[in-house]
Amino acid sequence: MEIKITRATTLKEKPDSSALVFGKAMTDHMFIVDYDAGQGWHDPRIIPYGPLPIDPAAKVLHYAEEIFEGMKAYRTADGSIQLFRPRDNIARMNGSAERVCMPQIPEALALAGITKLVEVERDWVPYEKDTSLYIRPFMIGLDPALGVHASQHVQFIVIVCPVGAYYPEGLDPVKIYVEDRDVRAVKGGTGMAKTGGNYAASLRAGDMAEKAGYSQVLWLDGVHRKYIEEVGSMNVMFKVSGKILTPDLNGSVLDGITRRSCIQLLKDWGYDVEERRISADEIFAAAESGALEEAWGTGTAAVVSPIGELAMKDKKVTVSNNQIGEITQRLYDELTGIQWGRVADPHDWIMKL
Ligand SMILES: *Cc1c(COP(=O)(O)O)cnc(C)c1O
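Below is a short write-up of the structure.

Cut-offs applied
Residues numbered from 1 in each chain as written. Predicted model: local features only at pLDDT ≥ 70, side-chain atom pairs only at ≥ 80, totals over all residues. Heavy atoms only, no water. Core = buried A, V, L, I, M, F, W, Y, C linked by side-chain atoms within 4.5 Å. Buried < 20%, exposed > 50% of the residue type's maximum accessible area, 1.4 Å probe, protein only. Helix = DSSP H or I, 4+ residues; strand = E, 2+ residues; numbered from the N terminus. Contact = heavy atoms within 4.5 Å. Near = heavy atom within 4 Å. Polar contact = N/O pair within 3.5 Å; in protein donor to acceptor, adjacent residues only side chain to side chain. Nonpolar A, V, L, I, M, F, W, Y, C, P; charged D, E, K, R; others polar. Salt bridge = Lys/Arg side-chain N within 4 Å of Asp/Glu carboxyl O. Phe/Tyr/Trp six-rings, centres within 6.5 Å; stacked < 30°, edge-to-face > 60°. Lys NZ or Arg CZ within 6 Å of the ring centre and 35° of its normal. Arc of directions from axis to C-beta.

1. With respect to the nonpolar core
Now for step 1: Counting residues in hydrophobic clusters, the biggest one holds 33 residues, and the most contacted among them are Phe31, Trp41, Ile105, Ile135, Met139, Phe156 and Val158.
Now for step 2: Elements with a contribution of two residues or more to this core: β2 (29–36), β3 (40–48), β5 (71–75), β6 (81–84), α2 (86–99), α3 (107–120), β7 (132–141) and β8 (153–163).
Now for step 3: With seven residues, the top contributor of residues to this core is α3.
Now for step 4: Aside from chain neighbours lying at most four places away, what touches Phe31 is Ile3, Pro44, Arg45, Ile46, Gly113, Leu117, Phe156, Ile157 and Val158.

The following block contains the structure:
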């Protein structure tokens, strides 16, 4: 399928790449492809960035018939541009689509849309250290009818924006609150899917935590309210007595690509990685006995995010003396090294543009 390109007649001024705010400075163009039941995907196009015409009855506006992805394009030292495991994002999007009855998008079509848009916007991929072009593919259900059914008309859209280092002051450990009221996802629900409604469900706890001086919440499982699932919108890992622990993909935990990559690197380095059920009590006990050596979150936006303090009800523990731990730092250096092309890519994770 050929992608039709309509260029914007006036181009925006690019923001100062030393002061980028996450997700704000959208570029000049976007990619759209339509899907209609019976016809399939059609009319892939790159058009000037701008508001979408949308019927007020469109299902996405009422029933969160929406799925999305998050990935980045990186500028290497020689000026070229590369993506990190983009096929994994597309496969995950198709997994999310299956869960919420949206159509599968062929890998080649999604990848063509993403790479063509990045090529059109190549001047927007920033050069400054730790900056990148954030890529947000998403799919929305557009049938203009209030009945609760899967849409017959759907769009897959890609927008992109330059982003800076997630933590401009460096990898500062964050304070995390173990959420004891709200849950993000439950078994049988949509926790494994990157679908809009999950994030609406997470807003209140995030808000409360922020007001109490924490940067994120640690989510517990929705049944026992005991087992650790994720931290904010990141996966979470712990180093306890030399071993790495991370919650298993039990159906309510998002299958993060950064998580996957960290597990592979840790195994390469000879660590035992246990993917299993981990209770918050186990982690607090390990912290109190001194066995908890490091804790960190993993996700595309921040790569890894060290945890310096954990609070649960009236208990509070410090992790790694509120410093970034050795493994957390090593994972950050290795992953960002591969992503920006500074170190070898032994697992074939990089796709050059
Ligand atoms: C996107 C996301 C992650 C991280 O996934 P990556 O592929 O590593 O970016 C983790 N948890 C949730 C809830 C997410 O939405």
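2. Notes on the site of the ligand
Now for step 1: In the vicinity of the ligand there are 14 residues, among which Lys194, Tyr199, Glu230, Thr258 and Thr300 approach most closely.
Now for step 2: At 2.5 Å, a side-chain N or O of Glu230 approaches a nitrogen atom of the ligand.
Now for step 3: Ser233 places a polar main-chain atom, nitrogen or oxygen, 3.4 Å from a nitrogen atom of the ligand.
Now for step 4: Of the residues assigned to the shell around the ligand, the class counts are four nonpolar, six polar and four charged.

3. What to know about the pattern of salt bridges
If charged atoms from side chains of opposite charge come close, those side chains can pair.
Now for step 1: The tally for this structure, following the rule as stated, stands at 17 salt bridges.
Now for step 2: Each of Arg85, Asp88, Asp255 and Arg260 takes part in a single network of salt bridges with overlapping partners.

4. Looking at the packing of aromatic side chains
The description of two aromatic rings rests on the distance between their centres and on the angle between their planes.
Now for step 1: Enumeration over the complete set of coordinates arrives at seven aromatic pairs.
Now for step 2: Ring centres of Phe31 and Phe156 lie 6.2 Å apart, and the angle between their planes is 70 degrees; on these two criteria the pair is classed as edge-to-face. Of this pair, Phe31 sits in strand β2 while Phe156 sits in strand β8; the two residues are 125 residues apart in sequence, bridging distant segments of the chain.
Now for step 3: Note that Arg277 overlies the ring of Tyr227, its terminal NZ or CZ placed 4.1 Å from the centroid.
Now for step 4: Above the face of the Trp269 ring, Arg330 is positioned so that its terminal group lies 3.8 Å from the ring centre.

5. Quick notes on helix α6 (residues 280–289)
Now for step 1: Along α6, the positions that sit buried rather than exposed are Ala280, Ile283, Phe284, Ala286 and Ala287. Down the axis of α6, the sector holding all buried residues measures 160 degrees, keeping them to one side. Summarising the geometry of α6, the exposed residues directed more than 90 degrees from the buried face are Glu288 and Ser289.
Now for step 2: Gly290 occupies a position one or two residues after α6 and carries a positive phi of about 90 degrees.

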